[in-house]
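These are the residues of each chain, in order.
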Amino acid sequence: MDVQLEFNLSSGWSSLYWNLSDYSLGYYLFVSTLFPFVWQSVLEYYWHRTMHLPWFYIRLHKVHHYYKSPEPFDDLYIHPLESFGYYCILYSPAFIIPVHVTSFIFYMSIVGLTGVLDHSGVYFSFPGFYNTRDHDTHHAKFDCNYAFPFPFMDLAHGTFRGTYLNKEYCYKKVH
């Protein structure tokens, strides 16, 4: 699947663009660079919440939660159908709006790195944006911290559990 997606991205079937002069600097900085993160964060949150509904959890997502304390490469321990959904979300920004290649590489690098860090057992924090402990809490508690990689959707939906900007948050049980 990855090979086909890479081919589609590089062969003109995507909305990736190479020439910075094709769009304004403002478009490059705010739309091409930020939109993929916002789009992915919103879709990923709802996809992940869906994976925690009983029917989907038992059939698909339980595989990923086999380990309560994530370790390196547990991010790859995932049911193929669930993986397909995640890949659709991950690559979709390059197919729905014009995204500069450097923006897309930056986006994919950050999302890939945070996916590995979230399942590494290593503590890392970029205050106000990212904390590996958020996903560790998700694996331990199951019904909170669905957002990836940033906590904003959990904060908006009341499903965040942990400390954010020195404030402690308790989650609402969702099911």
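Our structure is the block above this text.
Let me begin by describing the structure that accompanies this report.

## Concerning the environment of Gly128
Piece 1. Structurally, the position occupied by Gly128 is in the loop between strand S3 (125-126) and strand S4 (130-131).
Piece 2. With residues near it in sequence (within four places) discarded, Gly128 still touches Phe152, Tyr164 and Leu165.

## A closer look at a nonpolar patch on the surface
Piece 1. Together, Leu25, Leu29, Phe30 and Leu34 line one region of the surface with nonpolar side chains, adding up to about 420 Å² of accessible area.
Piece 2. Within the fold, Phe30 resides in helix H2 (residues 25-32).

## Focus on the nonpolar core
Piece 1. With 14 residues, the main nonpolar core has Phe37, Leu90, Phe104, Tyr107 and Val111 as its most contacted residues.
Piece 2. Counting only elements with at least two residues in this core, the list comes to H2, helix H5 (80-91) and helix H7 (101-118).
Piece 3. Among the elements that take part in this core, H7 stands out by supplying three residues, more than any other.
Piece 4. The contacts of Leu90, once residues within four sequence positions are left out, are Phe104, Tyr107, Met108 and Val111.

## Topic: helix H8 (residues 132-141)
Piece 1. Taken residue by residue, H8 has Thr132, Asp134, His135, His138 and His139 as its buried positions. Take H8 and look down its axis: the buried residues cluster within an arc of 160°, on one side only.
Piece 2. A side-chain oxygen of the first residue of H8 lies 2.8 Å from the backbone nitrogen of Arg133; this N-cap is Asn131.
Piece 3. Just beyond H8, the residue with positive phi is Phe142, at close to 75°.

## Regarding the packing of helix H3 (residues 35-51) against H5
Piece 1. It is at 9 Å that the axes of H3 and H5 come closest, and there the two elements cross at 165°. In terms of their interaxial angle, H3 and H5 are classed as roughly antiparallel. In this structure, H3 meets H5 at a crossing whose hand is right-handed. On the side of H3, the interface is formed by Trp39, Gln40, Leu43, Glu44, Trp47, His48 and Met51, while H5 contributes Leu81, Glu82, Gly85, Tyr86 and Ile89.

Each value, and the rule that gives it
Residues numbered from 1 in each chain as written. Predicted model: local features only at pLDDT ≥ 70, side-chain atom pairs only at ≥ 80, totals over all residues. Heavy atoms only, no water. Helix = DSSP H or I, 4+ residues; strand = E, 2+ residues; numbered from the N terminus. Contact = heavy atoms within 4.5 Å. Patch = residues over 30% accessible without salt bridge, like charges linked within 9 Å, V, L, I, M, F, W, Y side chains within 5 Å. Areas by Shrake-Rupley, 256 points an atom, 1.4 Å probe, with all protein chains shown as cover. Salt bridge = Lys/Arg side-chain N within 4 Å of Asp/Glu carboxyl O. Core = buried A, V, L, I, M, F, W, Y, C linked by side-chain atoms within 4.5 Å. Buried < 20%, exposed > 50% of the residue type's maximum accessible area, 1.4 Å probe, protein only. Arc of directions from axis to C-beta. Polar contact = N/O pair within 3.5 Å; in protein donor to acceptor, adjacent residues only side chain to side chain. Axes fitted to C-alpha atoms, helices over the stretch in contact; angles between N-to-C directions. Parallel < 35°, antiparallel > 145°, perpendicular 65-115°, else oblique. Left-handed = near helix turned anticlockwise from the far one by under 90°.

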